[in-house]
4 protein chains.
Amino acid sequence: MKPQHQATVLRRLKNARGHLDGVIRMVEDEVYCPEVMKQLSAVQGAVQGANRLMLRNHLETCVAEAMAAGRTAEIVDELMEALRFDPGPPAVGLEAAPDVEGGVPA
Amino acid sequence: MKPQHQATVLRRLKNARGHLDGVIRMVEDEVYCPEVMKQLSAVQGAVQGANRLMLRNHLETCVAEAMAAGRTAEIVDELMEALRFDPGPPAVGLEAAPDVEGGVPA
Amino acid sequence: MKPQHQATVLRRLKNARGHLDGVIRMVEDEVYCPEVMKQLSAVQGAVQGANRLMLRNHLETCVAEAMAAGRTAEIVDELMEALRFDPGPPAVGLEAAPDVEGGVPA
Amino acid sequence: MKPQHQATVLRRLKNARGHLDGVIRMVEDEVYCPEVMKQLSAVQGAVQGANRLMLRNHLETCVAEAMAAGRTAEIVDELMEALRFDPGPPAVGLEAAPDVEGGVPA
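Treat the numbers as computed from the prediction; the structure is a model and nothing was measured. (Residues numbered from 1 in each chain as written. Chains lettered and ligands numbered in written order. Predicted model: local features only at pLDDT ≥ 70, side-chain atom pairs only at ≥ 80, totals over all residues. Heavy atoms only, no water.)

### Regarding the overall build of chain A
- In terms of regular secondary structure, chain A is built from three helices and zero strands.
- The helix and strand sequence of chain A, counted from the amino end, reads α-α-α.
- Of all 106 residues assigned to chain A, the portion counted as buried reaches 59%.
- Working note: accessible area of chain A is about 4,200 Å², and carbon and sulfur atoms make up 53% of it. (Helix = DSSP H or I, 4+ residues; strand = E, 2+ residues; numbered from the N terminus. Buried < 20%, exposed > 50% of the residue type's maximum accessible area, 1.4 Å probe, protein only. Areas by Shrake-Rupley, 256 points an atom, 1.4 Å probe, with all protein chains shown as cover.)

Printed below as a string of structure tokens:
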């Protein structure tokens with residue numbers, strides 16, 4: 001992996017994990033459902049952001065190498081298969097989710 | 001919250017957190033990008049499943065009470081706002097994601 | 001249906017159809033793929049907006065009536081089934097899609 | 001565009017358009033909301049399928065040419081921008097949507 005992408009992906013995933021810890025506490029504390037729902041959507045958005053960066057890294061490295069070596073059909077099939085499970089980018093407004101540590105009031 | 005929904009949501013979120021731990025290890029170990037991308041999509045699917053159960057719980061409890069008390073407009077506005085951030089159900093095939101502990105080969 | 005919701009849904013769906021007509025012309029004219037991809041995402045966003053308004057209408061009418069009559073479990077099961085197919089709200093930025101008649105340069 | 005991809009995309013988009021026509025009739029006839037919601041999700045799934053095929057075509061043609069010519073950074077930036085609006089693949093179960101002409105009982 002490109003070091004800068006790896007570092008960003010790891011930071012985002014660890015932030016998403018902290019956010020998920022916070023949401024688990026909210027469910028244990030029976031916080032009002034719509035608040036929990038918004039936070040869970042924000043966790044999904046954070047994971048999706050990391051997923052898109054994995055895609056960029058793959059395009060910039062393995063896909064570029066394979067295409068330069070004439071293995072376009074094989075690498076495109078593989079990429080389309082990975083994208084088959086991709087739920088798409090964050091829903092509208094997720095960036096506005098409160099940027100509290102772990103995304104949830106401690 | 002209805003106890004059975006709370007228990008299921010907590011179990012799914014803790015499973016998703018374990019899955020996320022596994023994916024963080026994969027990124028640290030520089031596992032091939034498309035494999036990481038599929039696992040991240042599966043984490044999103046698991047969080048989405050929990051989010052939908054929160055929605056069901058909300059409908060069965062607070063929304064039902066509010067509608068019985070004639071506060072339909074207020075509770076619907078609130079619910080539509082929460083759904084604005086909802087990225088939709090798991091993408092095709094996510095159920096097929098390996099149901100390994102934490103979703104990722106240890 | 002509530003007349004105001006019905007009128008808005010119909011207007012949005014007819015706009016989406018005009019937009020789809022424009023994208024079909026783009027594909028016939030072999031317009032550059034990324035441009036077509038953005039326009040198709042905008043069509044999906046428009047259809048999703050109409051879908052969310054159908055949900056609001058359902059909550060404000062049939063769901064409210066069923067809950068007031070004590071048929072909460074039945075109406076919630078039905079609603080969760082319909083939402084199972086719901087791909088979630090428009091992706092980030094779709095509102096910024098050019099608001100050209102039908103969404104595509106004539 | 002590759003002729004076979006162009007033909008498939010056009011067929012899918014024209015089918016989605018026919019499906020949308022059918023859903024507009026359903027809304028005009030005030031068909032039960034959850035039925036309309038499922039059909040709208042199926043239209044989104046069909047448009048998404050065409051969108052994914054546009055992506056495949058782009059990868060197999062313009063992206064491959066650009067990468068072979070050493071313009072990887074530029075073509076990846078452009079592709080990630082187009083995917084920013086992509087709402088992800090069809091939700092679970094959309095393939096099961098009734099394959100009635102235009103996807104809706106005439």
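### A word on the interface of chain B and chain A
- Each partner contributes to the interface: chain B provides 49 residues, whereas chain A provides 49 residues.
- Buried area between chain B and chain A, summed over both chains or domains, comes out near 4,500 Å², and the portion from carbon and sulfur atoms is 70%.
- Contact with chain A buries area across many residues of chain B, yet M37, Q44 and F85 of chain B alone supply 15% of it, more than any other trio.
- Seen at the junction of chain B and chain A, the total is four salt bridges.
- Note that R17 of chain A and D21 of chain B form a salt bridge whose closest N and O atoms lie 2.5 Å from each other.
- Of all the elements in the fold, those that place two or more residues in the side of chain B that touches chain A are α1 (3-28), α2 (33-68) and α3 (72-83) of chain B.
- Counting residues per element, the side of chain B that touches chain A draws most heavily on α2 of chain B, which supplies 18 residues.
- Of the residues assigned to the side of chain B that touches chain A, the class counts are 30 nonpolar, nine polar and ten charged. (Contact = heavy atoms within 4.5 Å. Buried area = accessible area lost by both parts, 1.4 Å probe. Salt bridge = Lys/Arg side-chain N within 4 Å of Asp/Glu carboxyl O. Nonpolar A, V, L, I, M, F, W, Y, C, P; charged D, E, K, R; others polar.)

### Regarding unusual backbone geometry
- Unusually for a residue other than glycine, E30 of chain A sits at a positive phi of about 55°.
- Take E30 of chain A: it is sitting in the loop between α1 (3-28) and α2 (33-68).

### Things to note about the state of the cysteines
- On inspection of all chains with the given rule, the structure shows zero disulfides over all chains.
- Distance from the sulfur of C62 of chain B, which forms no disulfide, to the nearest cysteine sulfur (C33 of chain A) is 5.6 Å.
- Look at C62 of chain B and you get partly exposed, because its relative accessible area is 24%. (Disulfide = S-S within 2.5 Å.)

### Quick look at the pattern of salt bridges
- Enumeration over the complete set of coordinates arrives at 28 salt bridges over all chains.
- For E81 of chain A, the salt bridge identified is with R84 of chain A, shortest N-O distance 3.3 Å.
- Classification of R84 of chain A by relative accessible area gives partly exposed; the value is 37%.
- The closest approach of N and O atoms between R56 of chain B and D77 of chain C, which form a salt bridge, is 2.8 Å. With R56 of chain B in helix α2 and D77 of chain C in helix α3 (residues 72-83), this pair bridges two chains.
- Among the charged side chains, a salt-bridge network with shared partners connects K2, R56 and E60 of chain A together with D77 of chain D.

### Some remarks on the side chain of E60 of chain A
- Along the chain, E60 of chain A falls in helix α2.
- E60 of chain A sits in the buried class, given a relative accessible area of 16%.
- Those residues in contact with E60 of chain A that lie beyond four places of it in its chain are K2 and H5 of chain A together with T72 and V76 of chain D.

### Let's talk about the side chain of S41 of chain D
- The topology assignment puts S41 of chain D in helix α2 (residues 33-68).
- According to the relative accessible area criterion, S41 of chain D is buried, its value standing at 1%.

### Here we look at the relation of the copies chain B and chain A
- Expressed as a screw operation, the relation of chain B to chain A combines 0.0 Å of axial shift with a rotation of 180°, fitting to an RMSD of 0.0 Å. Both copies are brought into coincidence by an operation consistent with a two-fold rotation axis. Scanning chain B for the C-alpha nearest the rotation axis identifies Q44 of chain B, at a separation of 2.7 Å.
- Mapped onto chain A, 100% of the interface residues of chain B are again interface residues, and the two copies thus contact each other with one and the same surface. (Least-squares fit on C-alpha atoms with pLDDT ≥ 70 in both.)

### Structural notes on the packing of α1 of chain A against α1 of chain B
- Contact geometry of α1 of chain A with α1 of chain B gives a least axis separation of 10 Å together with a crossing angle of 165°. It follows that α1 of chain A is roughly antiparallel to α1 of chain B by the angle criterion. In this structure, α1 of chain A crosses over α1 of chain B, and the sense of that crossing is left-handed.
- The residue makeup of the contact of α1 of chain A with α1 of chain B, split by class, is 16 nonpolar, two polar and eight charged. (Axes fitted to C-alpha atoms, helices over the stretch in contact; angles between N-to-C directions. Parallel < 35°, antiparallel > 145°, perpendicular 65-115°, else oblique. Left-handed = near helix turned anticlockwise from the far one by under 90°.)

### Remarks on α2 of chain B
All names here are of chain B.
- For α2, which comprises 36 residues, the first-to-last C-alpha distance of 51 Å matches the rise-based estimate of 52 Å (1.5 Å per residue) to within 8%.
- Of all the bends in α2, the largest measures some 40° and sits at L59.
- With 29 of 36 residues buried, α2 lies mostly within the body of the structure.
- Remark: G70 follows α2 within two positions and exhibits a positive phi of approximately 80°. (Expected span 1.5 Å × (residues − 1). Bend = angle between axes of the 7 residues up to and from the residue.)

### Things to note about the environment of L55 of chain B
- Here L55 of chain B lies in helix α2.
- L55 of chain B sits 27 residues away from E28 of chain B along the chain, and the two C-alpha atoms are 35 Å apart.
- If we skip the residues at most four places from it in the chain, L55 of chain B touches M37 of chain A, L79 and L83 of chain B together with M80 and L83 of chain C.

### Section: the confidence of the model for chain A
Residues and elements named next belong to chain A.
- Per-chain confidence: chain A averages 84 in pLDDT, with 80% of residues scoring 70 or above.
- Within chain A, α1 carries the highest mean pLDDT (98), whereas helix α3 (residues 72-83) carries the lowest (94).
- A low-confidence stretch, residues 89-106 stays under pLDDT 50, and its non-local contacts, those more than four residues away or across chains, total 46 contacts.
- Note on the complex model: pTM 0.83, ipTM 0.82. (pLDDT = per-residue confidence, 0-100.)

### Considering α3 of chain B
- The end-to-end C-alpha separation of α3 of chain B is 16 Å, in line with the 16 Å expected for twelve residues at 1.5 Å each.
- All of the buried residues along α3 of chain B are T72, I75, V76, L79, M80, A82 and L83 of chain B. Buried residues of α3 of chain B, seen end-on, are gathered within an arc of 155° and therefore sit on one face of the element.
- Lining the buried residues of α3 of chain B we find α2 of chain A, α2 of chain B together with α2 (33-68) of chain C. (Arc of directions from axis to C-beta.)

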